[in-house]
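# Structural description and commentary
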Amino acid sequence: MRTAPDPLGRPPALLLVPAALATALLVVPLAAMVAAVDWPGLPAQLRSEPLRDALWLSLTTSTAAMLVCLLLGLPLAWLLARVDFAGRGALRALVTVPLVLPPVVAGVALRTAFGRTGVLGAPLEELTGFSFPFTVWGVVLAHVFVSLPFVVIAVEGALRSANPEYDAAAATLGASRWTGFRRVTVPLALPGILAGMVLGWARSLGEFGATITFNGNYPGRTQTMPTLIYVTRQADQDAALALSLVMLVVSVAILVMLRDRWLVTP
Amino acid sequence: MRTAPDPLGRPPALLLVPAALATALLVVPLAAMVAAVDWPGLPAQLRSEPLRDALWLSLTTSTAAMLVCLLLGLPLAWLLARVDFAGRGALRALVTVPLVLPPVVAGVALRTAFGRTGVLGAPLEELTGFSFPFTVWGVVLAHVFVSLPFVVIAVEGALRSANPEYDAAAATLGASRWTGFRRVTVPLALPGILAGMVLGWARSLGEFGATITFNGNYPGRTQTMPTLIYVTRQADQDAALALSLVMLVVSVAILVMLRDRWLVTP
Amino acid sequence: MRLTVPGRLEAGLTAADGDVVAVIGPNGAGKSTLVRALAGLVQADGHARLDGVNLLRVPARDRHVGLVFQDQMLFPHLTARDNVAFGPRARGVPRAEADAAAVAWLDRLGVAELAGRRPRQLSGGQAQRVAIARALAADPRLLLLDEPMAGLDVGVATSLRLELSAHLAEFTGVTLLVTHDAIDALTIASHVLVVDEGRVAQFGTPLEVSQQPATDHVARLVGLNVLRRGDLLRAFSPTAVTVDVQEPHGSARNRWPGRVAAVSPHGGTLRLVVRTTDGPELIADVTPAAATELGLTPGRAVWLSVKESSVRSYAAAPA
Amino acid sequence: MRLTVPGRLEAGLTAADGDVVAVIGPNGAGKSTLVRALAGLVQADGHARLDGVNLLRVPARDRHVGLVFQDQMLFPHLTARDNVAFGPRARGVPRAEADAAAVAWLDRLGVAELAGRRPRQLSGGQAQRVAIARALAADPRLLLLDEPMAGLDVGVATSLRLELSAHLAEFTGVTLLVTHDAIDALTIASHVLVVDEGRVAQFGTPLEVSQQPATDHVARLVGLNVLRRGDLLRAFSPTAVTVDVQEPHGSARNRWPGRVAAVSPHGGTLRLVVRTTDGPELIADVTPAAATELGLTPGRAVWLSVKESSVRSYAAAPA
């Protein structure tokens, strides 16, 4: 059937031409970037200390952020998907604000709350001597703030697409809500939950605006891959291209992981 | 029914506590930011020339980018949703790469393609004297590159959720594919298409990494709102807060526009 | 028992241990709402007393009500055994014990050899057996079956009906069986509850309901014509109806002009559906010979008549 | 006409202008595939010649084939009039003219007063009328109806059946009517095509098919028992079946032991479904008195017998 002529007729040029343009616009820059990489010099670039520091920091903070997002986001997504309470719409609205908020604004907001003089940051520093900004923990906090809405919305979608009648069946069999959550709801939505986590991880990895606004740019402490690319883009184009290539490879790998949800034609 | 006790039993604290923490984490920074705004000084801040320039630039470039995304993205989304061809999965994969690509990397890729010495940029400047980087058009290009995948994926989802049997019905009645697209497919998916456009617009408006990497930061030409906030955050906190407040209001307005798709409990 | 789901259902009935109550009625009449209200999945007012406890005040998980869903709702990620063991385990029975009980129940339902399979590897009839085992394994005092035969092939439904009838006879609690099939209602049930437009239209033994149907829907299900005259319902069999192409001059006082709407074979006879000019649709059985002779094809104008002696009159049941 | 959809359907049939061919068969037999292949929505090999043109080589939009979908598929954003005018307008008819034609078609289907409504404001029967008007307004040479009565209330279906029968009689092209209802097949159609497992099991007039059904499915639809003996099919009516509780000693040579699977009222008689020990399920009609006397309840062991003189034998139709 795949190679047979389409039963509804050939797609018209009026649609094919813009579609081809759109594809070119998205593909050409990436192809140009891959072509511009200084391949012979690449191994040396990849061994450079700033790159390895930034990559390690990006991977660890993104993974930590993803785990926090799972721990906090899964219960919130469940609440939004499965419990009927007054103000559910309002809660979902609040949760989705950071989804459309510019990351730089998120950074400013985190600063007013958790900065040294922030509403929570000042008492926290007074009590414990610890403060978030300009630390690894600040990077994780920025990542969580930006990724959590993605994870919540994605996981809520996964939970919603699992039939709530299964929860009802569990209840008639004597299961408490916690048992139902653990033994029925989560296992049934597992693929969607995993996809949501991967999405959140990718969002954290690419995060630039909130991180740099909240944490600045200290090599080895808050300089993640995107920040490093931004800093080196002018001074050392070859280094910037090498770094970008690494990120592109990671992005493609993430897509491959998510292919069952996005790339397969239903 | 809304206020009645949940028939499946009370949600357990094991889920309620993390959900409350997640909500607090997302809400507190925004509330702190709104509280920290220098309200008496706000009118003066909002009248400042840099803010008005940046806001105007952000609004016009985002709107232009949205129109380009519609023009190019709708046909591509239609192709992915409605036409069965070999390589459809590969095409969707290519289109979604920029979706998970860090914006800074997108900026680097645009530079290698459309920069003054880029694969396309160099011949373009030679022929016409025009080049994208550091111009308003460069900002639009960066916005389109980053927003187009969002628009395509959202619109494809909208087209998919419209029953393709309607297209089949149009074909049996003698409609060409173009007629079917114009008179059946698009009208049926219109709410989803509009939502996709609003999403793309919001993505453009908040875009920071690709824009600043590709276009730098020239007031009145390439300094959009996020860039201005980033630049003023250290020097003039009150200005940064005022600018952030404007963006927050815009974000909330966008959410209100999209509420039928996200906020209403099905 | 009397319960009200605002805007959807108002129902009252009484049943003793061991009773099997069939719930019949048109789509949307409130059958499923009744079942879901008793299971605790839909809020209801009123009281539903079972062993002295008002079910409606107890959360779903503590009601000890077994519900067999229309589309089974077997947990797709668990094997048949784990599905059946889910109820006991949720109530704290240790794993090994729950598994043994599950296998025993699967064995009683004749599907022990499928214990290791997942729901997607089961046929419709097998899945329904597992679903019944799962409901019974949770040791319910009230068993609710929501159209358990719907969606099964005729042959499978028939053998399942046989088995179900045997299992329900052993079951000591009360059973409510929602069905759209007269066969279920009349062969398995000890009582029939007819629901229509969110109210109880009739409650009685299968014999009462099939001989004196109180609603058009039931009349159709059992193949009778039913007309209302004041407070009386008048039922007559389609075989008692005489069909003429001209106005009859006989003694029959019940006569209606109309048009043939449809003709279909019905056993050895032909069944006419006649839309009468005054309103009701009536069915009449005629011999193939008569049909040919009178030219009874759809659209034909006819007169129907029935002798008063063939009509059973009875009081309309109060709702 | 002969067409093949690889892996799903292989079918051949011939019909003349004005013929109405009913397509019946079990779910999944290939009925909808046949219709969709003819409409051009599914790729098919072979040829389907209509007015000398092989339809299968022509794209869907140029086939001039009218398709009435099972769930109507009226464009929800257009009014009834715009839905019906869609076909003419797609073929280049000016707006005013197309609108006038649409209203005329709606009028012929008796729903002209609904011209300004959108599909969601129409009842099931009204929507189906608009859908039929839309298909006819595109001036088809072949009209395909995919279960047009499915999902409608019985009363609505009956009156729609009457009207449809009248419209099809006026329609000059060939009609294919997919249905799962024996009434449609036997009252509206001039020919009946029985599809089973992706092949044509029988093709003949309604009378032929109802009297000598070639498949179990059709036998059930028309209410007959059908058994296969070698190349012969043997059909007998359920009224011809004698039921005993012991092995009969009479002259009847056709006898089967079995168990009652179900009992249901059927007109004035009771219909038993008996699962015989050797395999086939048979139906038998008995009087209520006999049923009571013999204790014919589900599970009862019985003997069925039928006299050879009551059995009609005929050659099994070649597929």
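Because the structure is a prediction, the values reported are computed rather than measured.

Thresholds applied
- Residues numbered from 1 in each chain as written.
- Chains lettered and ligands numbered in written order.
- Predicted model: local features only at pLDDT ≥ 70, side-chain atom pairs only at ≥ 80, totals over all residues.
- Heavy atoms only, no water.
- Helix = DSSP H or I, 4+ residues; strand = E, 2+ residues; numbered from the N terminus.
- Contact = heavy atoms within 4.5 Å.
- Areas by Shrake-Rupley, 256 points an atom, 1.4 Å probe, with all protein chains shown as cover.
- Pairing = 2+ DSSP bridges.
- Axes fitted to C-alpha atoms, helices over the stretch in contact; angles between N-to-C directions.
- Least-squares fit on C-alpha atoms with pLDDT ≥ 70 in both.
- Buried < 20%, exposed > 50% of the residue type's maximum accessible area, 1.4 Å probe, protein only.

On to the overall build of chain C. The helix and strand inventory of chain C stands at nine helices and 19 strands. On the principal axes, the C-alpha backbone points of chain C span a range of 80 × 40 × 30 Å. When contacts within chain C are restricted to residue pairs at least 6 apart in sequence, those whose partners lie at least 24 apart make up 64%. Taken as a whole, chain C presents about 13400 Å² of accessible surface, with 49% of it coming from carbon and sulfur.

Next up on the list: the sheet that holds strand E3 (residues 20–24) of chain D. Residue and element names in this part refer to chain D. Pairing in this open sheet of six strands is mixed, and the strands run E7-E8-E9-E3-E10-E11 from one edge to the other. Pairing within the sheet leaves two strands with one partner each, and these edge strands are strand E7 (65–68) and strand E11 (199–204). The mean inter-strand angle of the sheet, taken between neighbouring strand axes irrespective of direction, is 20°. Pairing of strand E8 (residues 142–146) with strand E9 (residues 174–178), which is carried by five bridges, proceeds in the parallel orientation. Looking at the pairing, Leu144 lines up with Leu176 of E9. Against the sheet, helix H1 (residues 31–39) contacts E3, E7, E8, E9 and strand E10 (191–196), and its axis sits at roughly 145° relative to E8.

Take the relation of the copies chain B and chain A next. Two copies of the chain are present, and they differ by a rotation about an axis and a shift along that axis. Superposing chain B onto chain A takes a rotation of 180° combined with a translation of 0.0 Å along the rotation axis, leaving an RMSD of 0.1 Å. As the rotation angle and translation indicate, the two copies are arranged about a two-fold axis. Residue Gly209 of chain B, judged by its C-alpha, is the member of chain B lying nearest the rotation axis, at 3.3 Å. By residue overlap, the copies meet face to face through one surface: 99% of the interface positions of chain B are interface positions in chain A.

Residue and element names in this part refer to chain C. What the three strands build is an open sheet, ordered E12-E13-E19; its pairing is antiparallel. Where the open sheet ends on each side, the last strands, each with one partner, are strand E12 (225–229) and strand E19 (312–315). Sheet twist, expressed as the average angle between the axes of neighbouring strands with direction ignored, equals 25°. Sheet topology note: the E12/strand E13 (residues 232–236) ladder contains five bridges and is antiparallel. From the neighbouring strand, Asn225 faces E13, where its bridge partner is Phe236.

Attention shifts here to unusual backbone geometry. Within the chain, Asp139 of chain C stands out as a residue other than glycine whose phi angle is a positive 60°. We classify Asp139 of chain C as exposed; its relative accessible area is 57%. Even without being glycine, Met73 of chain D reaches a positive phi, approximately 55°. Take Met73 of chain D: it is sitting in the loop between E7 and helix H2 (80–90).

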